[in-house]
Structure formats: structure tokens, C-alpha cells
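# Geometric and topological summary
In case you want the letters, here they are:
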Amino acid sequence: MRDEVDELTEAWARERSDLDLAPVAVFSRISRLARHLDLARRDAFTRHRVESWEFDVLAALRRAGAPYELSPGRLLRETLVTSGTMTNRVDRLAARGYVERLPDPADRRGVLVRLTPDGKAAVDGAFEELLAAEQALLADLPDADRDHLARLLRTLLAPFS
């Protein structure tokens, strides 16, 4: 099976036979796949009226398990945004009725951000839609190959963790 990246690398090999083009063969495919995944995410989130940044916050709360709450600091670590950005995001999600702020019983000065039933429904629906789209992207890959690919990508990403 050939694809457009094969043609791209062959053209470069013709023009620059002095270079090792192995990274182009890998990363050009990853880049193209990332575009398809971005479109799938956008479609899944749009159908559930959730922005990508909203999904990130709501998903962090959902993954926390019942009662689906985290401190703002933990949300920062989970979503990799600044404090000011997180405050703005929580404000906007609260205005939509997707989260609520509660006093932290362990810290009188602190608050917890909790997922509301509407927020849970929104993130669950968007996640189910996203998983269906991702399953479709992987449909032609046997399970063993999916596992192998996941291990290879984990190894490739390890230095960035």
C-alpha cells in the first residue's frame, strides 16, 4: 500500500539523496493523522456544543470520579494552562451551568470545582462521539497493531513527559 507520503519522500530522495529521510516518512504521516483527528474532535465537540478547551476541563473533572471535583490547582496540572486562564475557563463553564464552585472542606480559603449534571452529560456525550470517530480512524488496524503503535508512540513521547 502506498500513500502520498511515499511520493513526497521519493521526491525528496531524488532531490536530496544525501539526507536520511526516515523522519519525514514518520512525522509527515503523524501530521496528516493529527489533522484528521483535529477534525474528528471538532465535529464531536460541535455536535455536543462543547469547545475543545471546555472539553479539556470537563474531562479532567469527569476522570476524577465521583463527586467529579478538583481544586483549581489540580485542574491547572491536568490541563496545562495558567492560573488566569483557568479562572476564566471556570467562570465561563459556571455561566453555562457545567460546573459549580464549592468551598473546600479541607481548606477554608480554597474552593473546589465540581462538574454539574449538565456538565457531565455534555462531556460524556462529546467523549462518546469522539471515541466513535477515533474507532473509525483505527478501523483498518488490527488490535495487535494498535497496541504496538501505542507502545511505539509512548516511547516516542517519553522524552517530553
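Conventions used here
- Residues numbered from 1 in each chain as written.
- Predicted model: local features only at pLDDT ≥ 70, side-chain atom pairs only at ≥ 80, totals over all residues.
- Heavy atoms only, no water.
- UniProt positions renumbered as here; feature names shortened; annotations may be inferred.
- Helix = DSSP H or I, 4+ residues; strand = E, 2+ residues; numbered from the N terminus.
- 1 Å grid on protein atoms, 1.4 Å probe; cavity = no way out; pocket = protein on both sides within 12 Å on 5 of 7 lines; lining within 4 Å.
- Points joined across faces, edges and corners; volume = space filled by probe spheres on them.
- Nonpolar A, V, L, I, M, F, W, Y, C, P; charged D, E, K, R; others polar.
- Buried < 20%, exposed > 50% of the residue type's maximum accessible area, 1.4 Å probe, protein only.
- Polar contact = N/O pair within 3.5 Å; in protein donor to acceptor, adjacent residues only side chain to side chain.
- Contact = heavy atoms within 4.5 Å.

The chain has the name MarR family winged helix-turn-helix transcriptional regulator in an unreviewed UniProt entry, where Nocardioides aestuarii is given as its organism.

## Examining the UniProt feature "domain: HTH marR-type" (unreviewed entry) in the chain
The positions UniProt marks with the feature "domain: HTH marR-type" (unreviewed entry) are residues 23-158. The span residues 23-158 is 69% helix and 12% strand, and its two end C-alpha atoms sit 17 Å from each other.

## Quick word on the layout of surface pockets
Considered as a void within the structure, the largest pocket measures approximately 1,200 Å³ in volume. Mapped onto the lining of the largest pocket, the elements with two or more residues apiece are helix H1 (4-15), helix H2 (22-47), helix H6 (117-137) and helix H7 (143-157). A per-element tally of the lining of the largest pocket places H2 first, with eleven residues. When the residues that make up the lining of the largest pocket are grouped by side-chain class, the tally is 19 nonpolar, one polar and ten charged.

## A short note on the side chain of Glu54
Within the secondary structure, Glu54 is located in helix H3 (residues 52-63). Relative accessible area serves as the criterion here: at 3%, Glu54 is assigned to the buried category. There is a polar contact of 2.6 Å between the side chain of Glu54 and the backbone nitrogen of Glu51. With near-sequence residues (within four places) excluded, Glu54 lies in contact with Arg49, Leu93 and Arg96.

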